[in-house]
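# Fold and contact review
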Amino acid sequence: MMDTTDLPVTAADIDEAAGVLAPFAVRTPLLSSPALDALTGARVLLKPEMLQRTGSFKFRGAFNKVSSIPPAARGGGVVAFSSGNHAQGVAASAQLLNMRATIVMPADAPLSKRERTKGYGAEVVLYDRLREDREAIAREIAVSRGATLVPPYDDPRVIAGQGTVGREIAEDCAALGLAPDLVVAPVSGGGLIAGIAVAVKARCPQASIISAEPEAFNDHARSLAAGRREPHRAEGSTICDALMASIPGQLTFAINQRLLSHGVTASDAEVARAVAVLFRELKLVAEPGGAVALAALLAGRIDARDKTIVIVLSGGNVDADMYARLILAE
């Protein structure tokens, strides 16, 4: 067992988060697919977080953080900034705990994510992602209302909550008599893969942990190769709207620099193919960002032949019209 006690988040923190989440979060299964095994020459296991409460892994970290706020400090509610999945996770967590939630979201966020966030009772404040600073807007709201800011990834409790994904992967692989050789997950700020890395490395130290990103939005791949936090150089957009952070988080990279092997990328066309494969072969609805790890595998970016590989599908919150285009294009 690898010692993670000197990291900002430990395996013990993730064990504690698992206890907090147990009555509220879904323990998503590990799924196998003979079709994917045949396509890749690997033993492929999928962790489908689109089946999680709110449709993505983000509920785990959000609830672990929001539930830690002392009762005396809950009156001001919570504030978060997000392109959609963290927004829904925070809004749902606040609703469960009878707290007010205000979410700062980009005006170009998918309509389904905006509407679902409102559906959990949150107030949505829109901003222009090209001209305005979402963190500054959120901090101003938090100060004026006495609310608690819930960061999307650079927070120990958020990372520990996301780490329960990795804890379940390690436990379920052990129950199947398998030792994962590779675990690949989508990254934006890096909170999900940081938590996964801590949990998996504590139980399966031989496993290589790999980040997956949209092709031009490759700040993790660049940073891991450089040994320091590096921004991506992308201009424009990607269909992976959930994976557009400009640079890895400080806290998350402190973990990921230690525990990750390297990063891989996939183009939008490769992501679209992966979304279509998941629909066709497993009847799973993945949003583009949620399918980027599988896209990288199917595109041959990961050497997985004759290995056991776990692919994390991080979410399934996608507008119906975009989803139809993706699955019909394949």
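To start, this report covers the structure provided alongside it. (Residues numbered from 1 in each chain as written. Predicted model: local features only at pLDDT ≥ 70, side-chain atom pairs only at ≥ 80, totals over all residues. Heavy atoms only, no water.)

So, about the packing of aromatic side chains. In this structure the tally under the stated criterion is three aromatic pairs. Considering the side-chain rings of F279 and Y323, the 6.3 Å spacing of their centres and the 85 degrees angle between planes classify their relative orientation as edge-to-face. Separated by 44 residues along the polypeptide, F279 in helix α11 (residues 268-282) and Y323 in helix α13 (residues 320-329) bring together distant segments of the chain. If you follow K283 out to its NZ or CZ, it ends over the ring of F279, 5.5 Å from the centre. (Phe/Tyr/Trp six-rings, centres within 6.5 Å; stacked < 30°, edge-to-face > 60°. Helix = DSSP H or I, 4+ residues; strand = E, 2+ residues; numbered from the N terminus. Lys NZ or Arg CZ within 6 Å of the ring centre and 35° of its normal.)

A separate point is the packing of helix α3 (residues 58-66) against helix α7 (residues 156-175). In helix packing, the relevant descriptors are the interaxial angle and the interaxial distance, both defined with respect to the helix axes. At a minimum axis separation of 7 Å, α3 and α7 run at an interaxial angle of 135 degrees. Relative to α7, α3 is oriented oblique. Crossing geometry of α3 relative to α7 is assigned as right-handed. Every residue of α7 that contacts α3 at K58, R60, G61, N64 and K65 is listed here: R157, V158, A160, G161, Q162, T164, V165 and E168. A class-by-class count of the residues in the contact of α3 with α7 yields three nonpolar, five polar and five charged. (Axes fitted to C-alpha atoms, helices over the stretch in contact; angles between N-to-C directions. Parallel < 35°, antiparallel > 145°, perpendicular 65-115°, else oblique. Left-handed = near helix turned anticlockwise from the far one by under 90°. Contact = heavy atoms within 4.5 Å. Nonpolar A, V, L, I, M, F, W, Y, C, P; charged D, E, K, R; others polar.)

Moving on, we get to the nonpolar core. Core analysis: the largest hydrophobic core is formed by 39 residues, its most contacted members being L278, L294, I302, I309 and I311. Among residues more than four places away in sequence, those in contact with I302 are L182, V184, I210, V264, A293, A296, L297 and I309. In terms of nonpolar packing, the next biggest core, distinct from the first, is built from 34 residues, A170, A197, A199 and I255 among them. (Core = buried A, V, L, I, M, F, W, Y, C linked by side-chain atoms within 4.5 Å. Buried < 20%, exposed > 50% of the residue type's maximum accessible area, 1.4 Å probe, protein only.)

The next subject is the pairing of strand β9 (residues 260-266). Most of β9 sits out of view: five of its seven residues are buried. As defined by bridge partners, strand β8 (residues 208-214) adjoins β9 across six bridges and the pair is classed as parallel. Bridged to P214 within β9 is A266. (Pairing = 2+ DSSP bridges.)

Here helix α6 (residues 134-145) is 12 residues long and its end C-alpha atoms lie 17 Å apart, about the 16 Å a rise of 1.5 Å per residue gives. What α6 keeps buried is the set A138, I141 and A142. What you see down the axis of α6 is that its buried residues fit within an arc of 100 degrees, all on one side. Structural note: α6 exposes E140, V143 and S144 on the side pointing more than 90 degrees away from its buried face. Looking at the buried positions of α6, the neighbouring elements they touch are β3 (78-81), β4 (101-106), β5 (123-127) and β6 (148-149). At the C-terminal side of α6, G146 shows a positive phi close to 65 degrees. (Expected span 1.5 Å × (residues − 1). Arc of directions from axis to C-beta.)

Positive phi, normally seen in glycine, also occurs at T54, with a value near 70 degrees. Mapping T54 onto the fold places it in the loop between β2 (43-48) and α3. Judged by relative accessible area, which is 4%, T54 ranks as buried. Backbone geometry places K283, a non-glycine residue, at a positive phi of 55 degrees. For K283, the position within the fold is in the loop between α11 and α12 (292-298). You can call K283 exposed: its relative accessible area is 59%.

Between helix α1 (residues 11-21) and helix α8 (residues 191-203), the least distance of the axes is 9 Å, while the angle of their chain directions is 110 degrees. As judged from the angle between their axes, α1 and α8 are roughly perpendicular. Along the contact surface, α1 presents A11, I14 and D15, while α8 presents G195, V198, A199, A202 and R203. When the residues that make up the contact of α1 with α8 are grouped by side-chain class, the tally is five nonpolar, one polar and two charged.

These values are about where atoms sit, not about what they do.
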